[in-house]
Amino acid sequence: MNLWINFEQSIGQRLNRQDLDKEQNKAKNLRSHGAAIVRGVAGSGKSLVLRDRVSKLLEDFDDILVLTYNRFMSGWLKSKLQDNSINVECKTFHQWAAHKLDYSYKSDRYDPDEIIRLARKSKRKYQAILIDEAQDFSDQWFQALLEMLEPDTESLFIVYDNTQSVYGQPHRRQANWTWKSLGINIPGGRSQVFDVNYRNSPEILELAWNFIEPALISANMKVEKKERDESGKVIKTPGIGSIIEPKKKLSRSSDIKPLLQEIYYEDMPSKIAFQVQEALNTNSNSSIGILIHPQVKNLQQEISKELTTLNIKHHAPKTSRDRDGNVVDRPCIIVDSWNALKGVEFDAVIIAGVDSLVEITDDLDRNFEAKAGLYTAMTRARDHLVMLYENKNATVDLIESALTTPYRLDHVE
């Protein structure tokens, strides 16, 4: 039997890291007043820093708002804060706006400036606002939140990664864009860059980066390294509009290469369910994300049916509200779209139908955003990544090429 995932091979390298490194601690401990920004590559601990930043801010403030884009990410953050006996307002932007401002997400499309007008009418003010997944927030959302922020504190903490930008905002991915255009002033020393990827094995990170880099270049997005001298002092920081090239962590390697496998779509649900069962037999206290294209919902339903047939406990949300709460800690099996699972991570990821992603030749920005979704899916995997397809297309060709490209990312031990 050919096992896709054997957790016995990676259990010794299993990532349970919760502590912050020196650069992350510096960002967490910045002075409470004033705006600050953290840009970080996938898996660099941005959300952990935001979580711990809340504890720091509570030393000076007691009225704090934490916002994310996705419900799963909001649920995870809220759970982690509560684990530390921290009770602050933590919601997705749309949940918060609907509750506090009676704002409908449909207005984003029909009247994006409505949220700013509603915020100006509101008398509600927060001493501090923290934003995760900020690459997916619209300009109008930021402008509205500035209206809700105490002018005496100006305590705004923004965390983002433009490489995972899948919901628009292409102007903010260009080198000449600045946060000042939104009225957000970042004082010197309050912009931090995290370039070390702790989450992914080097094998997974190399694949993901080799896959996404051509799309970055095609979309005219500048890629830069954070460079240090021999003493470790930073001598060059990527510009605000630049994409950060990640550094891999060699100690995360279990020598397990990502797997690309051809399977008929009609066979995928049963084979995935069987392989999940076999993987759990190697270690039941594990997490597996089964990720699909956001528009291929029927595959999600079929996979869920097969998992149920094998009595495998799992979560397959049918509506956005089914994504509330923290359901991504071990052990867990989740079947959902790769966009819905942005921000979370799993010991193993199975991407069902990478060939669902089709090249968009007439729109470079949309083409990048589509590929950024798949890149984000790849980087959800800590140790095991399995990619399935039925039909050969340009996306599969890119993955095959990325799998055979020599390793070239800089590393830390």
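Reference entry: report on the structure contained in this document. Here the structure is a predicted model, which means the values were calculated and not measured. (Residues numbered from 1 in each chain as written. Predicted model: local features only at pLDDT ≥ 70, side-chain atom pairs only at ≥ 80, totals over all residues. Heavy atoms only, no water.)

**Remarks on the overall build of the protein**
Filter applied, for reference: The numbering of helices and of strands both runs from the N terminus, where a helix is a DSSP run of H or I of at least 4 residues and a strand a run of E of at least 2. The globule rule is 2.2 Å times the number of residues to the power 0.38, and the radius of gyration it is compared with is taken over C-alpha atoms. Exposure categories follow from relative accessible area, calculated using a 1.4 Å probe and restricted to protein chains: below 20% of the type maximum is buried, above 50% is exposed, and the middle band is partly exposed. In what follows, residue pairs with any heavy atoms lying within 4.5 Å of each other are defined as contacts. Areas reported here follow the Shrake-Rupley algorithm with a probe of radius 1.4 Å; residue values treat only the protein chains shown as occluding. Charge assignment in this entry is limited to Lys and Arg as positive and Asp and Glu as negative, and neither His nor the chain termini are counted. Here the site of a charge means NZ on Lys, CZ on Arg, CG on Asp, or CD on Glu.
Within the protein, the regular secondary structure consists of 12 helices and 18 strands. Here the protein has a C-alpha radius of gyration of 21 Å; the compact-globule value for 413 residues is 22 Å, and the two agree. Principal axes of the C-alpha set define a box for the protein whose edges measure 65 × 50 × 45 Å. Buried residues in the protein amount to 57% of all 413 residues. Here the analysis covers contacts within the protein between residues at least 6 apart in sequence; of these, 80% occur between residues at least 24 apart. Carbon and sulfur atoms make up 45% of the accessible area of the protein, which totals about 17700 Å². Distance from the positive charge centre (55 side chains) to the negative charge centre (59 side chains) of the protein: 4 Å.

**Looking at the environment of E206**
Tracing the backbone through its elements, the reader meets E206 in helix α8 (residues 202–218). Under the relative-accessibility criterion, E206 is labelled buried at 1%. When residues no more than four places from it in sequence are discounted, the contact partners of E206 are K248, Y407, R408 and L409.

**Some thoughts on the sheet that holds strand β6 (residues 191–194)**
Operational definition: In this analysis, strands are considered paired if DSSP registers two or more bridges between them. The convention used is that axes are lines fitted to C-alpha atoms, helices contributing only their stretch in contact, and that angles between N-to-C directions extend from 0 to 180 degrees.
Spatial ordering of the open sheet is given by β3-β2-β4-β5-β1-β6, a layout of six strands whose pairing is parallel. Single-partner strands in this sheet number two, and they are β3 (89–92) and β6. When the angles between neighbouring strand axes are averaged without regard to direction, this sheet yields 15 degrees. Contacts from helix α3 (residues 71–83) reach β2 (64–68) and β3, with the element oriented near 165 degrees to β3. Lying over the sheet, helix α4 (residues 93–101) contacts β2 and β3, oriented at roughly 110 degrees with respect to β3.

**Digging into the sheet that holds strand β15 (residues 332–337)**
Pairing in this open sheet of five strands is parallel, and the strands run β13-β17-β16-β14-β15 from one edge to the other. Strand pairing shows two members of the sheet lacking a second neighbour, β13 (259–262) and β15, which therefore form its edges. Across the sheet, the axes of successive neighbouring strands diverge by a mean angle of 15 degrees, strand direction being ignored. Strand contacts of helix α9 (residues 268–282): β14 (287–292), β15, β16 (346–352) and β17 (381–389), with the helix running at about 165 degrees to β14, the strand carrying the most contacts.

**Observations concerning the packing of aromatic side chains**
Two aromatic rings, taken as a pair, are described by how far apart their centres are and by the angle between their planes. We apply this condition: Centres within 6.5 Å are what make two rings of Phe, Tyr or Trp a pair, Trp counting through its six-membered ring; a difference in plane orientation under 30 degrees is then read as stacked, over 60 as edge-to-face, and the rest as tilted.
Applying the stated criterion across every chain yields a total of 10 aromatic pairs. With centroids separated by 5.1 Å and ring planes inclined at 80 degrees, the aromatic side chains of F137 and W141 adopt a geometry described as edge-to-face. Ring centres 5.1 Å apart and planes at 85 degrees place the aromatic pair F142 and W179 in the edge-to-face group. With F142 in helix α7 (residues 139–147) and W179 in the loop between β5 (155–160) and β6, this residue pair connects regions lying 37 residues apart in the sequence. Judged by its relative accessible area of 1%, F142 falls in the buried class. Judged by its relative accessible area of 5%, W179 is buried. Connected via pairs of aromatic rings, a cluster forms that spans Y69, F93, W96, F137, W141, F142, Y160, Y167, W177 and W179.

**So, the pairing of strand β4 (residues 128–131)**
Going residue by residue along β4, you find A128 and L130 tucked away on one face and I129 and I131 tucked away on the opposite face as well. Note that β2 and β4 share four bridges and pair parallel. Within the sheet, the bridge partner assigned to L65 lies in β4 and is I129. Note that β4 and β5 share four bridges and pair parallel. Note that in β5 the partner of L130 across the bridge is F157.

**A closer look at the nonpolar core**
Applicable threshold: Within this scheme, the nonpolar core is defined by two criteria: the residues are buried Ala, Val, Leu, Ile, Met, Phe, Trp, Tyr or Cys, and they are joined through side-chain atoms within 4.5 Å.
Among the nonpolar cores identified, the biggest contains 69 residues, and I351, L374 and M378 are the most heavily contacted of them. Ranked by the residues each element gives to this core, the list is headed by α8, at nine residues. The residues touching L374, leaving out its near neighbours within four places in the chain, are F211, W338, I351, V354, L357, T395 and I399. Core analysis: the next-biggest nonpolar cluster, separate from the first, contains 30 residues, A35, I115, I129 and W177 among them.

**Observations concerning unusual backbone geometry**
Of the consecutive residues R330 and P331, the connecting peptide bond is found in the cis state with omega at -15 degrees. The backbone phi angle of E154 is positive, close to 50 degrees, even though this residue is not glycine. The backbone of N311 sits at a positive phi, close to 60 degrees, despite the residue not being glycine. For N311, a relative accessible area of 71% translates into the label exposed.

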